[in-house]
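# Residue-level structural notes
Here is how the chains run, residue by residue.
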Amino acid sequence: MFDRRLAVFAVFPILLTGSCGDSKTTSPTPTVSHVAAPAPTPIATDACGPIPRFDPAAFPASPKIDNQWFPLRPGAQFTLEGYVRDEEGRHHHRVVTTVTDLTKVIGGVRALVIWDKDYNEGVLEEGELFFNAQDSSGAVWNLGEYPEEYDDKGKFTAAPNVWITGLAGAEPGIGVPAKAEPGSPGYRQGRVPAIKFFDCAKVFATGQQTKVPTGSYANVLVTDEWGPLALGEGHQRKYYAPGVGNVRVGAVGGIAEEDLMLTKVEQLCPDVMAKVRADALKLDQHGREISKGAYGRKIGGGVYGQTTAAERTLSATPCTQ
């Protein structure tokens, strides 16, 4: 999903054909692996393309996300690092994403709880819970977000841009499609008029190669993501390696530039997972508590206070020591 905390990014080159270890870059002309079949006439479209149909009945009772481009195994932790450049200069940026063994019912679907920790120059700026689920076709859906912001001493300051499917007009979208077909229509990643959030994406290229600190990857899917309501603020590309997930984030134009690469991926051991679980549950509880009452109207209209608590219903994949 497009990161609304950042402004527009610079062009990020794709590594095209050659050996996986070849770091030579070329112009970002996509390699089309096959021609997409004509899409059926959609019932409705928006700025992204055909509006995806969200059907809670198309999701399993217990979430399992094994999309080849975006597998989310409970206990997995991914660290992407790089730099953001803005009017104030160049800043080190790090995002740590942990797939918890928690689930939460969102819009009638039991979704997987993912926890992001966002650091700028080593200081935690934001902690966010977001919720994904995979439907029967294999598409991974974005069902909501609860982000908290902190000051340089780690104190909570705000929780902007909270959204939950089915509440306050929030509509879900597809995070990663089931099929990657260059030339296929774009797809909505989420739309929430109340907070002016509207994200779109499309398949930019398939069959690509890229090299990051964790290794060289082939058959990479590249998606192009943008926000129709803020075309001058953000436009990025994401690189998905099969069996791994998001290994690189690039940029396309704008007033700020960010490059991120996957620097670490691991399967957490039980003692670490216990701490992650406790902290994620604490964040979930805090969000539901502060979203109630008068203060809650300032953070997403108090929608998070209307959700049920996250709970542990899954088992993490054993770590390797």
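Here, every reference points to the structure presented above.
No experiment lies behind these values; they were computed from the predicted model shown.

About the criteria used
Residues numbered from 1 in each chain as written. Predicted model: local features only at pLDDT ≥ 70, side-chain atom pairs only at ≥ 80, totals over all residues. Heavy atoms only, no water. Helix = DSSP H or I, 4+ residues; strand = E, 2+ residues; numbered from the N terminus. Contact = heavy atoms within 4.5 Å. Disulfide = S-S within 2.5 Å. Core = buried A, V, L, I, M, F, W, Y, C linked by side-chain atoms within 4.5 Å. Buried < 20%, exposed > 50% of the residue type's maximum accessible area, 1.4 Å probe, protein only.

### Structural notes on the environment of Pro 56
Counting through the fold element by element, Pro 56 comes out in the segment before strand E1 (76-86). Sequence-wise, Pro 56 and Gly 107 are 51 residues apart; in three dimensions their C-alpha atoms are separated by 7.4 Å. Residues within four places of Pro 56 in sequence aside, it is in contact with Gly 107, Gly 108 and Val 109.

### Focus: unusual backbone geometry
Backbone geometry places Ala 168, a non-glycine residue, at a positive phi of 55°. Its place among the elements puts Ala 168 in the loop between strand E7 (163-164) and strand E8 (171-176).

### Considering the state of the cysteines
Inspection of every chain in the model, using the stated rule, returns two disulfides. Here Cys 48 is linked by a disulfide to Cys 200, with a sulfur-sulfur distance of 1.9 Å. Its S-S torsion of approximately -75° makes the covalent link between Cys 48 and Cys 200 left-handed. Here the residue Cys 48 occupies a position in the segment before E1, and Cys 200 occupies one in strand E10 (residues 197-212), the gap between them amounting to 152 residues. With cysteine numbering restricted to those in disulfides and following the sequence, the protein has the pairing 1-2, 3-4.

### Structural notes on the nonpolar core
Leu 72, Val 99, Leu 112, Tyr 217, Val 247 and Leu 262 are the most contacted members of the largest nonpolar core, which has 32 residues in total. Of all the secondary structure elements, the ones that give two or more residues to this core are E1, strand E2 (89-106), strand E3 (109-120), E10, strand E11 (215-226), strand E12 (235-241), strand E13 (245-251) and strand E14 (257-267). When neighbours within four sequence positions are excluded, Leu 262 is seen to be in contact with Phe 78, Thr 79, Leu 80, Val 212, Pro 213, Thr 214, Tyr 217, Val 244, Asn 246 and Val 247. Within the second largest apolar cluster, 30 residues are counted, among which are Tyr 150, Val 162, Val 303 and Ala 310.

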